[in-house]
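Summary of structural features
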Amino acid sequence: MKKFLASTVAASVLALMLGMASVRAEDAVDPNAKQGGAIIVTYKDDVATLDPAIGYDWQNWSMIKSLFDGLMDYEPGTTNLKPDLAESYEIAPDGKTFTFKLRHGVKFHNGREMTADDVKYSLDRVTNPKTQSPGAGFFGSIKGYDDVAAGKAEGLSGVTVVDPYTVKFELTRPDATFLHVMAINFAHVVPKEEVEKYGADFGRHPVGTGAFKLTEWTLGQRLVFERNPDYWHKGLPHLDKITFEIGQEPIVALLRLQKGEVDVLGDVIPPAKFQEVMADPEQKARVVEGGQLQTGYVTMNTTMAPFDNVKVRQAVNMAINKARVVQIINNRAVPANQPLPPSMPGYNKDYKGYPYDVAKAKALLAEAGHPDGFETQLFAMNTDPNPRIAQAIQQDLAAIGIKASIQSLAQANVIAAGGDKAGAPMIWSGGMAWIADFPDPSNFYGPILGCAGAVPGGWNWSWYCNKDLDAKAAEADSVVDPAKAGERYKMWSAIYDKVMEDAPWAPIFNEQRFTLKSARMGGADNLYVDPVHIPINYDNVYVKDVQ
Amino acid sequence: MIDYLGRRLIQSLLILLGVSLITFALLYLLPADPVRQIAGRSATPQTVENIRQQLGLDQPFVVQYWHYLTKLVSGDLGRSYIQRSEVTELIVSRLPASLLLMVGAILCELLIGLSMGLIAAVKRGTATDQTLMVASFVGVSAPQFVVGLLLLYVFAVRLSWFPIGGYGTWRHLVLPSLTMGILGAGWYARMMRSSMIDVLRQDYVRTARAKGLARSAIIFRHALPNAILPVIAMIGIDIGIFMGGIVVVESVFGWPGIGQLAWQAIQRVDIPIIMGVTLVSAFAIVLGNLLADVIAPFIDPRIKLR
C-alpha cells in the first residue's frame, strides 16, 4: 500500500494549515519554566471517576489527560494536533487506514512498558458495551465497531497489532477527524492488568503513562497528584505536586484564593463577584481570559408549528438582541452569528449572520402568516444565569409579538424535553450548551444538527434533518489528506452557512472563560484557558517561587 | 417495654419500606432518563439501549424495585451510575463528616438556645426578653445559605479566626456547626423560655422562694433541671431538620458529608446514590425518633411507654 505522508511531516503540514508554527513535542517545553513546587486547585463538584473510558466532566477531563496519554495530543494551549504516545503515523491514500508507530520506552505508572497490545486493548475496552463508555460512539468509523457495539464481537476487527510498536487502524469510511478521535480521553491507553485488578473501581485507582500519578484520593475531600519521575516527555511536568480540593463553593474558593490559600480556581469566577474582581487592577492582572469551543443557542423545533416555517425561525434570529444578552452575563461572552465558535477551524469570518432588526423580524412574521405573533414555550435550565438569559430572550420575542412562557427546569428535564419530538418548541441551551469534544468543525454537526441526532433521546433539539447537508458533511469528512485541511474547512463553512439559512438555531453567544490564578503561578496564559486540556493544562504550568 | 420496642421496630421497618417505595417510584416517574446521563451526548441509540439493558432499567417497575429490595436486604445499595463506585462505600466514607457536623450543631443549638431561653424566661417581659425573642425569630427564619456566607465572611475572611471552609480540625467545625445551630437555637430558645416560665410558676418553686433561697439557687438547682428535660427530648426529632440543612451547609463550607453527595447525585440523576442517601437519612430520622421516645420516660417519669 502506498502511504502518502509520514507523521511528523503530516503534523507539521496540518499545523501550518491551521496557521500555526509546527513544534515538535520534545521541543515544546517552556525554557523559563521552573521545576518543582506544589499547588492547590479547587473544584465544587466531586471527581466522579478518573477512568479515561468513562470520565466526561469539567473537573476530570484535564486530570485524566495528566494521568494518561493517547496516541495523539495537542500543542499546549492550542488546537494544533501533534503525535503523543505515537512517534509517527501514516495515512493511506484512501483515508481508511491509519498506521501509528509508538514511542519506545514509555512506561505505565506500574513500571511496565506500554506496547501496541495496550492500545488495542484500550480501544476494545472503550467500545465494549459492558464498559458503558459515554465516548464509545466516537469510534464508530473503526471497522468492526458495529459488531462490538451489538455485543457480537469482543474486539474491534479494524485494530491490528502489527508489532509491539506498530498499530494499524482500518476504517469503514475515510474519516478526517480520526486523528482528533485518537486524542480524546476515551482513546487514552490503559494497562490491562490494572483494569482487571480493580475492575469497576479502576476509575478510583487510575494507572496510566501520564505526567502525574494519583497518590491520594480522600473521597469528597481531595485528590493528590505527584510527578511521574519516569515520564517519557523529558522536562515535564514542571510541578511536583497538585492537590485538588473538592466540594468548594466557587465563592468560597475565590475568598480562599484572595487570601493566598489557593492557586487556581478550577471553576469559573462566581458571576456575583466577577465585576468586583475585574474592578481591582491587582486581581484583574491575574485573570486569564480565553475563548471556549462553545456556543450558546436557542433551538427551534422545526417539526412543530409555527417553527416549521423558516420565516418564523429567521424572524426569531432577527428579534434577539444578542449584545444585551451578553451584557446580562457581565460581558463574559461574545455575540455569535453561526454555530461554530470563532476559535474553531472552519469558522466563517466573512459570514455576517442575521442582523438585530425588530422591524424586519415583524415583517417576516407577518409574511409567515403571524402578523400578531403567537404563543409558545421557551425551555431553559434553572440555574443562574440561564433563567435571566431566557427572560431577556422572552422580552425580545415579545417585542415582535411572540409570547413565550419560560419553562425553567433541572438540566436532566430540559434534556429529556429536547429529546422528545413533541417536547419543547424552543430551548435555550445554556448550561447544556455544546462544548466541543475536539477542535474540529464536524464536532458541531452530527449529534446536534445532523439527522442522526434528530431521534428520540437525541441531542438535535431543533429536529432539523437535511439529508443533503448530511451527505455534504460525509463528503467533507472524507477529505483525509492533511494537506487539504483548508479545503475541508471551507466545505464545513459552507455547510454551516446553509444551516443558518434554514435557521434551526438562533446562535446567541460564545462564552469566554475567565480563570483566576495566584501571583506565584507561571506559564503562558493560554495554558490556563487551554481549549483542549479543559480547564487547565496541568503538565505545563509551573510556580515561580521555587529554586 | 419489650412489647413496645418490638412494635416500634416493626413500625420503623414499615416506614423505611414505605420511604424506599415512594422514593423509588418518584425516581422512576422522573421525566429525566438516567441512561442518557450515563451514555453522554455522543452515544448512539444502540449504546443507550445496551446500557439500559445492563442496568436493568428496561424492566417493569415492580421487577426493578424487587431487585433493589433483594439487594438492599443483603446490604448492597448498588453502584453509582456516574461514579461507578459502590454506593455503600461512598456513603460510609462521608457519613462520619455529617455525623460530626450534626454533633457540633446540636451542641451549638443547645448552648445558644438554652441559655437564650433561660435568660429570657428569668427576665420575662423586659427589653432583654424581647430582644432575645426577636433574635431567635431571626435565627429561625434566616436562610442557612446566607447565614453561612455571612459567618464565613466575618469570622474567616475578615477576622481570620477560622479557616475558610474545608474539613479536618475542630476549627473547621465551628462555623458550619454554628450555621446549622442558629436555626435550631431559635426553636430551643422559644421552647426553653416557655418551659422555664411554666416551671417557675410551680408550687415547689414558690416554696423554695418562700424558704428564702438565693435566686440563682432557685433557678439553677430547682427550676432548670425540670425545665430542660422536655426540651432535651426534642433532639431526636431534630435529626430530620438537620438532614435537610446539611445539604445547604455542607455545600457552603465544602464539608465532605452526605449532603453534598446527595446534591450532586440529584443534579446528575444518579438514582442509586439518591436512593442510598434517602434511605440512610430516613433511617437516621426513624432511629432518632425511636431513641427520643424510648429515653423520654427516663428523663421525665410522667411519660409512660405504651
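Just so we're clear, the structure is a prediction, and the values are computed from it rather than from any experiment.

The rules behind these values
Residues numbered from 1 in each chain as written. Chains lettered and ligands numbered in written order. Predicted model: local features only at pLDDT ≥ 70, side-chain atom pairs only at ≥ 80, totals over all residues. Helix = DSSP H or I, 4+ residues; strand = E, 2+ residues; numbered from the N terminus. Rg over C-alpha atoms; globule rule 2.2 N^0.38 Å. Buried ≥ 20, exposed ≤ 12 C-beta atoms within 10 Å, placed from the backbone. Contact = placed C-beta atoms within 7 Å. Pairing = 2+ DSSP bridges. Nonpolar A, V, L, I, M, F, W, Y, C, P; charged D, E, K, R; others polar. Axes fitted to C-alpha atoms, helices over the stretch in contact; angles between N-to-C directions. Left-handed = near helix turned anticlockwise from the far one by under 90°. pLDDT = per-residue confidence, 0-100. Core = buried A, V, L, I, M, F, W, Y, C linked by C-beta atoms within 7 Å. Domains from an automatic or database assignment. Expected span 1.5 Å × (residues − 1). Bend = angle between axes of the 7 residues up to and from the residue.

Structural notes on the overall build of chain A
Along its length, chain A carries 17 helices and 22 strands. Taking 24 Å as the expected radius of gyration for a compact globule of 547 residues, we find that chain A reaches 24 Å, a close match to that expectation. Counting across all 547 residues of chain A, residues that qualify as buried make up 54%. Across chain A, the fraction of contacts at a sequence separation of at least 24, relative to all contacts at a separation of at least 6, is 70%.

Some points on the overall build of chain B
Across its full length, chain B holds 13 helices and zero strands. The order of helices and strands in chain B, counted from the N terminus, is α-α-α-α-α-α-α-α-α-α-α-α-α. By its C-alpha atoms, chain B is 85 × 55 × 30 Å across when sized along the principal axes. Counting contacts in chain B only where the partners sit at least 6 residues apart, residues at least 24 apart contribute 72% of the total.

With respect to the pairing of strand β11 (residues 241–246) of chain A
Residue and element names in this part refer to chain A. Pairing between strand β2 (residues 38–43) and β11: six bridges, direction parallel. Residue pairing for β11: Thr42 is matched across the bridge by Glu245. Pairing analysis gives five bridges linking strand β10 (residues 222–227) to β11, with the strands arranged antiparallel. Along β11, the bridge assignment pairs Glu226 with Lys241.

Let's talk about the interface of chain B and chain A
At the interface, 41 residues of chain B touch 41 residues of chain A. Looking at the side of chain B that touches chain A, the element that brings in the most residues is helix α3 (residues 45–54) of chain B, giving seven residues. Per-class residue counts for the side of chain B that touches chain A are 18 nonpolar, 17 polar and six charged.

Things to note about the packing of helix α5 (residues 87–122) of chain B against helix α8 (residues 170–200) of chain B
Residues and elements named next belong to chain B. Direction vectors running N to C along α5 and α8 enclose 35°, while the axes themselves pass 5 Å from each other. At the point where α5 passes α8, the crossing takes the right-handed sense. For the contact of α5 with α8, the per-class residue count stands at 25 nonpolar, six polar and three charged.

What about the sheet that holds β11 of chain A?
The five strands are arranged β9-β10-β11-β2-β12 (chain A) in an open sheet whose pairing can be described as mixed. Looking along the sheet, the strands with just one partner apiece sit at the ends: β9 (212–218) and β12 (264–265) of chain A.

Let's talk about the environment of Glu194 of chain A
All names here are of chain A. As for its placement among the helices and strands, Glu194 is situated in helix α6 (residues 192–198). Taking the C-alpha atoms as reference points, Glu194 and Pro355, separated by 161 residues in sequence, lie 56 Å from one another. Leaving out residues up to four positions away in the same chain, Glu194 has contacts with Asn110, Phe202 and Val207.

Quick word on the packing of helix α12 (residues 258–267) of chain B against helix α13 (residues 271–299) of chain B
All names here are of chain B. Look at α12 against α13: their axes get within 9 Å of each other, and the N-to-C directions meet at 145°. In terms of crossing hand, the pair formed by α12 and α13 is left-handed. Contacts from Ile258, Leu261, Ala262, Ala265 and Ile266 in α12 reach Ile273, Ile274, Val277 and Val280 in α13. For the contact of α12 with α13, the class distribution of residues is nine nonpolar, no polar and no charged.

Side note on helix α10 (residues 310–319) of chain A
All names here are of chain A. Of all ten residues in α10, eight are buried; the element is thus mostly enclosed. Inspection of α10 places Val312, Arg313, Gln314, Ala315, Val316, Asn317, Met318 and Ala319 among the buried residues, and these make up the whole buried set. Packed against the buried residues of α10 are β14 (294–300), α12 (358–367), α13 (386–398) and β20 (505–516).

Quick word on the confidence of the model for chain B
Fine structural detail should not be taken from predicted coordinates in areas where pLDDT scores are low. Of all residues in chain B, 99% attain a pLDDT of 70 or more, and the chain-wide mean is 86. Prediction confidence for the complex, expressed as pTM and ipTM, is 0.86 and 0.80 respectively.

What to know about the nonpolar core
In terms of nonpolar packing, the biggest core is built from 228 residues, with Val298, Ala315 and Ile393 of chain A together with Val277 of chain B touching the most fellow members. Both domains that meet at this core, namely domain 1 (23–76) and domain 2 (96–299) of chain B, each give it at least three residues. Setting aside residues up to four positions removed in sequence, Val277 of chain B forms contacts with Ile91, Ile258, Leu261, Ala262 and Ala265 of chain B.

Overview of helix α7 (residues 144–158) of chain B
End to end, α7 of chain B covers 20 Å across 15 residues, agreeing with the expected 21 Å (1.5 Å per residue, within 8%). At Leu152 of chain B, α7 of chain B is deflected by roughly 25°, the largest bend along its length. Residues of α7 of chain B that are buried include every one of Gln144, Val147, Gly148, Leu152 and Ala156 of chain B, and no others. Buried residues along α7 of chain B sit against α7 (250–258) of chain A together with α8 and α11 (235–253) of chain B. The first or second residue beyond α7 of chain B is Ser160 of chain B, which carries a positive phi of 55°.

Some points on the domain arrangement of chain B
Residue and element names in this part refer to chain B. With domains assigned, chain B is organised as domain 1 (23–76) and domain 2 (96–299). Computed over C-alpha atoms only, the centres of domain 1 and domain 2 are separated by 39 Å. Each partner contributes residues to the interface: domain 1 has seven residues there, and domain 2 has six residues. Elements represented by at least two residues in the side of domain 1 that touches domain 2 include exactly α1 (2–29) and α2 (34–39). Ranked by residues supplied to the side of domain 1 that touches domain 2, first place goes to α1 with three residues. A breakdown of the residues in the side of domain 1 that touches domain 2 according to their chemical character gives five nonpolar, two polar and no charged.

Considering unusual backbone geometry
All names here are of chain A. At the junction of Leu236 and Pro237, the peptide bond is cis and its omega measures out at -10° in the coordinates. Residue placement: Pro237 occurs in the loop between β10 and β11. The step from Asp384 to Pro385 runs through a cis peptide bond, and the omega angle for that step is 5°. For Pro385, the location among the structural elements is in the loop between β16 (374–381) and α13. Residues other than glycine seldom take positive phi values, yet Asn330 does so here, at roughly 55°. Assignment of secondary structure puts Asn330 in the loop between α11 (322–328) and β15 (333–335).

What to know about the pairing of β2 of chain A
Bridge analysis of β2 of chain A against β12 of chain A gives two bridges, and the strand direction is parallel. Its bridge partner being in β12 of chain A, Thr42 of chain A is matched across the sheet by Leu265 of chain A.

As for the environment of Lys259 of chain A
Looking at where Lys259 of chain A falls in the secondary structure, it is placed in the loop between α7 and β12. For the pair Lys259 of chain A and Ser518 of chain A, spaced 259 residues apart in sequence, the C-alpha separation works out to 9.6 Å. Residue contacts for Lys259 of chain A: discarding those within four places in its chain leaves Val157 and Ile164 of chain B.

Some thoughts on the confidence of the model for chain A
Averaged over all residues, the pLDDT of chain A equals 90, while 94% of them reach at least 70. Below a pLDDT of 50 lies the segment residues 1–27 of chain A, which in the model reaches 51 contacts outside its immediate sequence neighbourhood of four places, other chains included.

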